Structure formats: structure tokens, C-alpha cells
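The residues making up each chain are set out below.
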Amino acid sequence: MGIKDQFQDKAEQLKDQAQKARAGAQDEVSERRPQAEERARQGQEQLEDAADEARDRFQS
């Protein structure tokens, strides 16, 4: 096997590793997205509740 073949094999290995890593990262994002959206929704609700409470205190 020549040097060129070795480099091509190594390049193919690295390409496969990169594709697997990308697929794994995409899977992880898909799994985490609903959790992040829920946390954002809860944070928004807390912010709205705090704003309502502050408004009520100011008006009293």
C-alpha cells in the first residue's frame, strides 16, 4: 500500500468519524430542544408573574 492509499484511507476514516459525530450532535440537540423550550416557557411565566406582582404592589 502506497502513501497515497494510506492518506486516502485515513481521510475516509476521519470523514466517517465526523459524520458520526455530527449525527450524534444532531440527536442530542433533538433530545434537548423540548427541555430547553419548557425551561424558557417556565422562565417567561415567572417573569410575567413577577411583573404582575410588581404592578399590583405599585398600584396599591
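Refer to the structure printed above.
Rules used in this analysis
Residues numbered from 1 in each chain as written. Predicted model: local features only at pLDDT ≥ 70, side-chain atom pairs only at ≥ 80, totals over all residues. Heavy atoms only, no water. Helix = DSSP H or I, 4+ residues; strand = E, 2+ residues; numbered from the N terminus. Rg over C-alpha atoms; globule rule 2.2 N^0.38 Å. Buried < 20%, exposed > 50% of the residue type's maximum accessible area, 1.4 Å probe, protein only. Areas by Shrake-Rupley, 256 points an atom, 1.4 Å probe, with all protein chains shown as cover. Lys, Arg positive; Asp, Glu negative; His and termini not counted. Charge placed at Lys NZ, Arg CZ, Asp CG, Glu CD. Salt bridge = Lys/Arg side-chain N within 4 Å of Asp/Glu carboxyl O. Expected span 1.5 Å × (residues − 1). Bend = angle between axes of the 7 residues up to and from the residue. Patch = residues over 30% accessible without salt bridge, like charges linked within 9 Å, V, L, I, M, F, W, Y side chains within 5 Å. Polar contact = N/O pair within 3.5 Å; in protein donor to acceptor, adjacent residues only side chain to side chain.

**Q** What is the right way to look at the overall build of the protein chain in this model?
**A** Secondary structure assignment for the protein chain yields one helix and zero strands. Taking 60 residues into account, the globule formula puts the C-alpha radius of gyration at 10 Å, and the protein chain, at 25 Å, lies well above it. When its C-alpha atoms are laid out on the principal axes, the protein chain stretches across 85 × 15 × 5 Å. For the protein chain, buried positions account for 0% of its 60 residues. For the protein chain, the exposed surface amounts to about 5700 Å²; the carbon and sulfur share of it is 50%. Between the mean site of the 11 positive side-chain charges and the mean site of the 15 negative ones, the protein chain shows a separation of 7 Å.

**Q** How should I be thinking about the pattern of salt bridges in this particular structure?
**A** Note on pairing: side chains with opposite charge can pair once their charged atoms come close. Applying the stated rule across the entire model yields five salt bridges. Across the pair Asp52 and Arg55 runs a salt bridge whose closest N-O atoms are separated by 2.5 Å. With Asp52 and Arg55 both in helix H1 (residues 3-59), this residue pair falls three residues apart, about one helical turn.

**Q** So what exactly am I meant to see when it comes to H1 here?
**A** Note: α-helices contain 3.6 residues per turn, so residues at a spacing of three or four share the same orientation. Between its first and last C-alpha atoms H1 spans 80 Å; for 57 residues at 1.5 Å apiece the expected length is 84 Å, and the two agree. The sharpest bend along H1 measures roughly 35° and falls at Arg32, with the proline Pro34 sitting one to four residues further on.

**Q** In this structure, what is going on with a negative patch on the surface? I would like to understand it.
**A** Taken together, the side chains of Asp5, Asp9, Glu12 and Asp16 present a region of like negative charge at the surface. Mapping Asp16 onto the fold places it in helix H1.

**Q** When you look at the environment of Asp52 in this model, what are you seeing that I'm missing?
**A** With relative accessibility at 35%, the residue Asp52 sits in the partly exposed group. Looking at Asp52, its side chain comes within polar contact range of the side chain of Arg55, at 2.5 Å.

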